[in-house]
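# Structural overview for review
The primary structure of each chain is shown beneath.
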Amino acid sequence: MSKTILVAGGAGFIGVNFIKFMLRENPGVKIVNFDALTYAGNLASLADCENNPDYEFFHGDIRNDKDVASAIKKYNVDSIINFAAESHVDRSIDGPHVFLDTNILGTYTLLQAARDFGIQRFLQVSTDEVYGSLGKEGMFTESTSIKPNSPYSASKASADHLVRSWHKTYDLNAVITRCSNNYGAYQFPEKMIPLCINNARHNNKIPVYGDGMQVRDWLYVYDHCTAIWAVFDRAAPGEVFNIGGNNEKTNLTLVNSILAMLGKSKGLIQFVKDRPGHDRRYAIDSSKMKEKLGWEPSVTFEQGIEKTIKWYMDNQAWLDQVTSGDYQNYYKQMYHQR
Ligand code: NAD
Ligand code: DAU
């Protein structure tokens, strides 16, 4: 369908993986990586793509309509996939303003540009966190009510509502994906899995919030990328799709298995004060993805976590680079005396 996609937030964790997937597996589709390069954006992760004729980078902010218009005009963009967001729940608790600004107003700016420039397809990358928290039983389906519990998830839920309304009111060809927790290469080590690997390699403590019995449904990032492409390419306008790994784990089980794979002691685990409003359990029913688009995860957790740990251990220079400077201040502020 599309030939030139503006990938907003392409220098972040999932964006980087998606761009590499597209250049490798869907050659001929032009990718314009549009990114403001916040602390989470890292062009070094895309160094191997710089000379690919299907790849362009545009330094811009999704909150700035002029930036967005310039990129669309310059590259004759016909579609948008929006990964750009402030994405870390803990940061949203400490400083919600930028989350509202980027995640809500930034999405609004992209939606207006989509109307102004006759964009043919708009995919909003959302999250299972918009559904809130589950008890011991049940799963989130696409018709579960929206009940976000953190400033981050509330801002993502707001963006979803905007996307839906632009489809209904202005007939924008928009779709929404809601995915569970991703893991894999190039994830910023504020998130649990790379933080755990990074701390363990230095024999530093691993902070586990509360009792560590919160459950997340982990999906290898490559499988998220194939799912996004399936939805972008084939889903009917206005549809919402849940994407999950069918792979629930408590945080404690997760940390224990990473430590075991790294040959590190469980003694590194340190229970710390819980995250306020911490969602207890996420589980995603992605049967709609299977039934309508034939998508299923291709990588088991055992395969995915092994590849992930190997990647971080083989790319310690990447970890060293992203954990220098501001990260040290962030870590101190977040975890010191927690
Ligand atoms: P990330 O924080 O690693 O990357 C976000 C990217 O957006 C960065 O490159 C950053 O520079 C860019 N960005 C931030 N503000 C911007 C702005 N105003 N203008 C332009 N670019 C801006 O995030 P991620 O983990 O890759 O997540 C990508 C998307 O997927 C987010 O929308 C997130 O809500 C969603 N999501 C993430 C997960 C997960 O487990 N990481 C799961 C489900 C959904
Ligand atoms: O479910 C999808 C969401 O997954 C995405 O929308 C978010 O962008 C992404 O950040 C992620 O949110 P979580 O809050 O679930 O991910 P995080 O890696 O921060 O935490 C995973 C679990 O581990 C969660 O229960 C909190 C816990 N945790 C996290 C950190 C950083 C700890 O116990 N200790 C920690 O130091």
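Figured I'd write up the structure that's included with this text.

What counts as what
Residues numbered from 1 in each chain as written. Chains lettered and ligands numbered in written order. Predicted model: local features only at pLDDT ≥ 70, side-chain atom pairs only at ≥ 80, totals over all residues. Heavy atoms only, no water. Helix = DSSP H or I, 4+ residues; strand = E, 2+ residues; numbered from the N terminus. Expected span 1.5 Å × (residues − 1). Buried < 20%, exposed > 50% of the residue type's maximum accessible area, 1.4 Å probe, protein only. Near = heavy atom within 4 Å. Polar contact = N/O pair within 3.5 Å; in protein donor to acceptor, adjacent residues only side chain to side chain. Areas by Shrake-Rupley, 256 points an atom, 1.4 Å probe, with all protein chains shown as cover. Salt bridge = Lys/Arg side-chain N within 4 Å of Asp/Glu carboxyl O. Pairing = 2+ DSSP bridges. 1 Å grid on protein atoms, 1.4 Å probe; cavity = no way out; pocket = protein on both sides within 12 Å on 5 of 7 lines; lining within 4 Å. Points joined across faces, edges and corners; volume = space filled by probe spheres on them. Nonpolar A, V, L, I, M, F, W, Y, C, P; charged D, E, K, R; others polar. Core = buried A, V, L, I, M, F, W, Y, C linked by side-chain atoms within 4.5 Å. Contact = heavy atoms within 4.5 Å.

Turning next to helix α7 (residues 221-234). Spanning 14 residues, α7 covers 20 Å between terminal C-alpha atoms, matching the ideal 20 Å at 1.5 Å per step. Of all the 14 residues making up α7, 11 are buried; the element is thus mostly covered by neighbouring parts of the structure. Along α7, the positions that sit buried rather than exposed are Val 221, Asp 223, His 224, Cys 225, Thr 226, Ala 227, Ile 228, Trp 229, Ala 230, Val 231 and Phe 232.

This paragraph deals with the site of ligand 2. Taken together, the neighbourhood of ligand 2 is formed by 23 residues, with Thr 127, Asp 128, Tyr 152, Arg 275 and Tyr 335 sitting nearest. At 2.7 Å, a side-chain N or O of Glu 129 approaches an oxygen atom of ligand 2. Protein contacts shield 94% of the accessible area of ligand 2, which totals 690 Å² for the unbound molecule. At 3 residues, strand β8 (residues 206-209) tops the list of elements feeding residues into the shell around ligand 2.

In this section: the pattern of salt bridges. Tallied over the entire structure, the rule returns 16 salt bridges. A salt bridge links Lys 20 to Asp 48; the nearest nitrogen and oxygen atoms lie 2.6 Å apart. Within this pair, whereas Lys 20 is found in helix α1 (residues 13-25), its partner Asp 48 is found in the loop between β2 (30-35) and β3 (55-59), the two being separated by 28 residues in sequence. The class for Lys 20 is buried, based on a relative accessible area of 13%. When its relative accessible area of 60% is taken as the criterion, Asp 48 is described as exposed. Note that Glu 239 and Lys 292 form a salt bridge whose closest N and O atoms lie 3.5 Å from each other. Here Lys 292 lies in helix α9 (residues 287-293) and Glu 239 lies in the loop between α7 and β11 (240-243), a separation of 53 residues in the sequence. Look at Lys 292 and you get exposed, because its relative accessible area is 52%. When salt bridges that share partners are traced, they join Asp 61, Arg 63 and Asp 101 into one network.

Right, let's get into the pairing of β8. Residues Ile 206 and Val 208 of β8 are buried on one face, and the alternating residues Pro 207 and Tyr 209, pointing to the opposite face, are buried as well. Of the strand pairs in this sheet, β8 and strand β13 (residues 269-272) are connected by 4 bridges, and their pairing is parallel. From the neighbouring strand, Pro 207 faces β13, where its bridge partner is Gln 270.

Before going further, it helps to examine the layout of surface pockets. A volume near 290 Å³ is recorded for the second largest pocket. Along the wall of the second largest pocket there are 17 residues; nearest its centre are Asn 199, Asn 204, Lys 205, Tyr 331 and Tyr 335. With 5 residues, helix α12 (residues 326-335) is the largest single contributor of residues to the lining of the second largest pocket. For the lining of the second largest pocket, the per-class residue count stands at 6 nonpolar, 8 polar and 3 charged.

Turning our eyes to something else, we now look at the nonpolar core. Judged by nonpolar contacts, the single largest core of 73 residues is most densely connected at Ile 5, Phe 18, Ile 31, Ile 81 and Ile 258. Setting aside residues up to four positions removed in sequence, Ile 5 forms contacts with Met 22, Val 29, Lys 30, Ile 31, Val 32, Ser 79, Ile 80, Ile 81, Trp 229 and Phe 232. Among the nonpolar cores identified, the runner-up in size contains 25 residues, and Ala 8, Ala 84, Leu 110 and Phe 122 belong to it.

In short, geometric facts, not functional conclusions.
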